[in-house]
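Commentary on secondary and tertiary structure
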Amino acid sequence: MTSAIGGTGPLRVLERAVYRGPHLYSARPMVRLQLDLGALEHWPTDRLHGFTDALLKRLPGLERHGCCHGEPGGFVRRLRDGTWLGHVIEHVALELQSAAGARVTRGKTRSVRGRPGVYNVMYAWTDEDAALLAGRLAIEIVLGLLTPDLRKVEGLDRIARPAEPFDGDPASAVAEVAAALRRTAFGPSTRALVDAARRRGIPVERLNSQSLIQLGWGVHQRRLRASVTGRTGLVAAESAGNKAETKALLEGVGIPVARGAVVRSADEAVAAAGRLRAPLVIKPLDGNHGRGVTTGLRTEGDLRAAFEEAIGHSRRVIVEEQLPGRDHRILVVDGQVVAVAEREPPKVIGDGVRTVAELVEAVNTDPRRGEGHEAVLTRIRLDAAAQEVLARQRLSVDSVPEVGREVLLRTAANLSAGGTAIDRTVEIHPENAAIARRAALAVGLDVAGVDLLAPDIGRSIRDTGGGVVEVNAAPGLRMHLAPSEGQARDVAQPIIASLYPRGVPARIPVLAVTGTNGKSTVGRMVAHIFAVQGTVVGLTNTSGVYIGREQVAATDASGPKSARMVLRDPTVEVAVLECARGGILREGLAFDRCDVGAVLNVQPDHLGLKGIDTLEDLAALKSVVVESVSRRGVSVLNADDPLTIRMARHAGGRVCWFSLRGGEQTPGFVLKHIADGGEAVLHEPDTDEIVLHDRGERRLICRAARIPATLEGHAVFNVQNALAAAAMAWGRRGFARSDRRGAGVVPLDLRAEPRPDEPA
């Protein structure tokens, strides 16, 4: 515990925000906690005797943090040189998440201008609830290292409300954060697919608390639920779920399968067994994950017991001959074999000292093993099914197997029951691969797990015996992603590639507009330009959300929630999104990047709220939109507004200026921009012409007076709005370069007021 001279004023939590897209402070998703350190402002770490050593002892992982020095140990240097406790809380929140398994490293802490002792503490997150819990626990850990007079705190419940009071142990904090991560974590298959999509720059959104994922936006979106894709047909999935139907489909195209029968009672099972060659297999007709499967059956007693196990999972049961060979799972994606794994049932090896239960406990200490599908391997369970398998070997959980004896704990080789996998991808014989491909195609699955028994996967089963025993929809990927032995296979990438082949877009054009005045009008104009070409436009503004000609929500829709509604809509081909200050402050933008971003102007508007105190603050906030423009996109800026002019330095993509001062009045920097081949949309007062400059060419759009919203050119503010709309549409090539009226003429119909049957 550190000693310090007491002060006044507790640490207070003033604000909490969760940013899901680009925001005022960063382009990364972050949590922001605004903290008033109170008396702690006078106590940087170099004045707190023993604090740094005590903190590092409790959280040694902090020694790896580079901080501003960019190398391990950098943060420790900051601690010893002296840094404020807000900065410490940031790093502790990151470390709690990292130690719990989240992949986070970035954070920043900034003082709030004009408010001594107040800091914005920001850190990255992968799971919102876990990150907020980490923030609260970080404060409690840091304060717990201080003397009682400096531990006062207010407002912790603004951040998160843990189920139990914190006991002060950092290990407990890590465990709590890890539990929060597990509650919402993707399984290995879904996580691999999400990561593969993000590596390709494909937008990813989770649609529920389970594993329903949207990839892409608008008309280009696809859906996933683990390895089930939007292309997985219901008929194919149902056929795969009915093992007898699958066998008939395979047998009908000449694929080797096991002889067998479907039964409804134990007596029928025994009768069917009499017509088959032992050893036999009994399994549920429509089961999965190896549940209720028993192999190696020879006696009537074993058959009846196995039937009772299987009937608990299905109303009908399959009795079939057990094909010779080892159990292999062949993953087929889009008609191609992408990975092969040999699966082994869970087992332990006797050492002559420990009991079966103790041997299982030792195997389960493998850090790769977890509960269910959360980890690479599953912990072995000594349940009733395992004890039945032991009994057939004349063993129990308390038996001590002799040295070297292999003790099976399941007969089915499923990872979900604790089994293991060995990669055999490069060893599979071409004929076996062809059989697997044909099996997947025969059932009709785009992603299939083909279970094939083969004595030697490197030889054709037509020579060695063996065959296909199942074709599975929704195959698990973890045995291929991280096999117990052999090379890991990136099987997620081909699945994503099957949904988005090379050259197929995942994103729709996103045009974002912000500014103090004119946002809604410009958005309507831009939406109209695309709509008259037959494009389905998703539009958000302060009046609502519009999909095509239909208003789907009547509300102030200028924030990220409404923008996400547009991006989720499967009919939208172009998104035109109004981005007001409130939404950017609250949670950032709804997208990671846009194709066109426009800042129309910056005028005094609600200054003094949420830390936006000056015009410069407001300009910095509005600038988030153009800073989020993609490398090949266009930033549309007002050349008549000094504050938007300054944004050009940090704007993404190319800059397209718009200005009321065209012709002889054109600003010098715009003239230079045009001379360099840049883009600009100008109104030339002498001729009333709106002209586009691009790559050294001057193109006439129309006369301003022809646009109804300008009231024959007298409504100057709508002339300016039309310039911005034209620049945004041109930035996304929203209208033709020329038409039959002559080279250099750009046909463009701009109306601020839509018809009654269009979005208002």
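All values derive from a computational prediction rather than experimental measurement. (Residues numbered from 1 in each chain as written. Predicted model: local features only at pLDDT ≥ 70, side-chain atom pairs only at ≥ 80, totals over all residues. Heavy atoms only, no water.)

Following the sequence through the fold, alanine 124 ends up in strand β4 (residues 118-124). Residue alanine 124 is classed as buried on the basis of its relative accessible area, which comes to 10%. Between the alpha carbons of alanine 124 and glycine 608 there is a distance of 27 Å; along the sequence they are 484 residues apart. Sequence-distant contacts of alanine 124, defined by excluding residues within four places in its chain, comprise Pro29, Met30, Leu94, Gln97, Val104 and Arg106. (Helix = DSSP H or I, 4+ residues; strand = E, 2+ residues; numbered from the N terminus. Buried < 20%, exposed > 50% of the residue type's maximum accessible area, 1.4 Å probe, protein only. Contact = heavy atoms within 4.5 Å.)

Bringing the sheet that holds strand β7 (residues 212-215) into the picture now. One open sheet accounts for four strands, arranged β6-β7-β8-β9; its pairing is antiparallel. Since the sheet does not close on itself, it has two edges, and those belong to β6 (204-206) and β9 (228-229), each with one partner. By the bridge criterion, three bridges tie β6 to β7 in an arrangement that is antiparallel. Looking across to β7, one finds that arginine 206 is bridged to isoleucine 213. (Pairing = 2+ DSSP bridges.)

Attention now goes to the packing of helix α8 (residues 243-252) against helix α13 (residues 430-443). The interhelical angle for the contact between α8 and α13, taken along N-to-C directions, is 120 degrees, at an axis separation of 9 Å. Considered as vectors, α8 and α13 are oriented oblique to each other. Crossing of α8 against α13: the hand is right-handed. Residues Thr246, Leu249 and Leu250 of α8 touch α13, and the partners they reach there are Ala439, Ala442 and Val443. When the residues that make up the contact of α8 with α13 are grouped by side-chain class, the tally is five nonpolar, one polar and no charged. (Axes fitted to C-alpha atoms, helices over the stretch in contact; angles between N-to-C directions. Parallel < 35°, antiparallel > 145°, perpendicular 65-115°, else oblique. Left-handed = near helix turned anticlockwise from the far one by under 90°. Nonpolar A, V, L, I, M, F, W, Y, C, P; charged D, E, K, R; others polar.)

Throughout the structure, instances matching the rule amount to two aromatic pairs. Residues tyrosine 19 and tyrosine 25 carry aromatic rings whose centres are separated by 6.1 Å and whose planes lie at 50 degrees to one another, so their mutual orientation is tilted. Judged by relative accessible area, which is 2%, tyrosine 19 ranks as buried. Consider the rings of tryptophan 657 and phenylalanine 669, whose centres lie 5.0 Å apart with planes at 80 degrees: the pair is edge-to-face. Of this pair, tryptophan 657 sits in strand β30 (residues 654-659) while phenylalanine 669 is found in helix α22 (residues 668-675), placing the two residues twelve residues apart along the sequence. The exposure class assigned to tryptophan 657 is buried, which follows from its relative accessible area of 5%. (Phe/Tyr/Trp six-rings, centres within 6.5 Å; stacked < 30°, edge-to-face > 60°.)

In this section: unusual backbone geometry. Here alanine 278 and proline 279 are connected by a cis peptide whose omega angle stands at 0 degrees. With respect to the helices and strands, proline 279 occurs in the loop between α9 (266-273) and β11 (280-284). Non-glycine residue aspartate 688 carries a positive phi angle of around 65 degrees. Within the secondary structure, aspartate 688 sits in the loop between β31 (679-684) and β32 (689-694). Unlike most non-glycine residues, arginine 695 shows phi in positive territory, near 55 degrees. Within the secondary structure, arginine 695 is located in the loop between β32 and β33 (697-703). Look at arginine 695 and you get exposed, because its relative accessible area is 56%.

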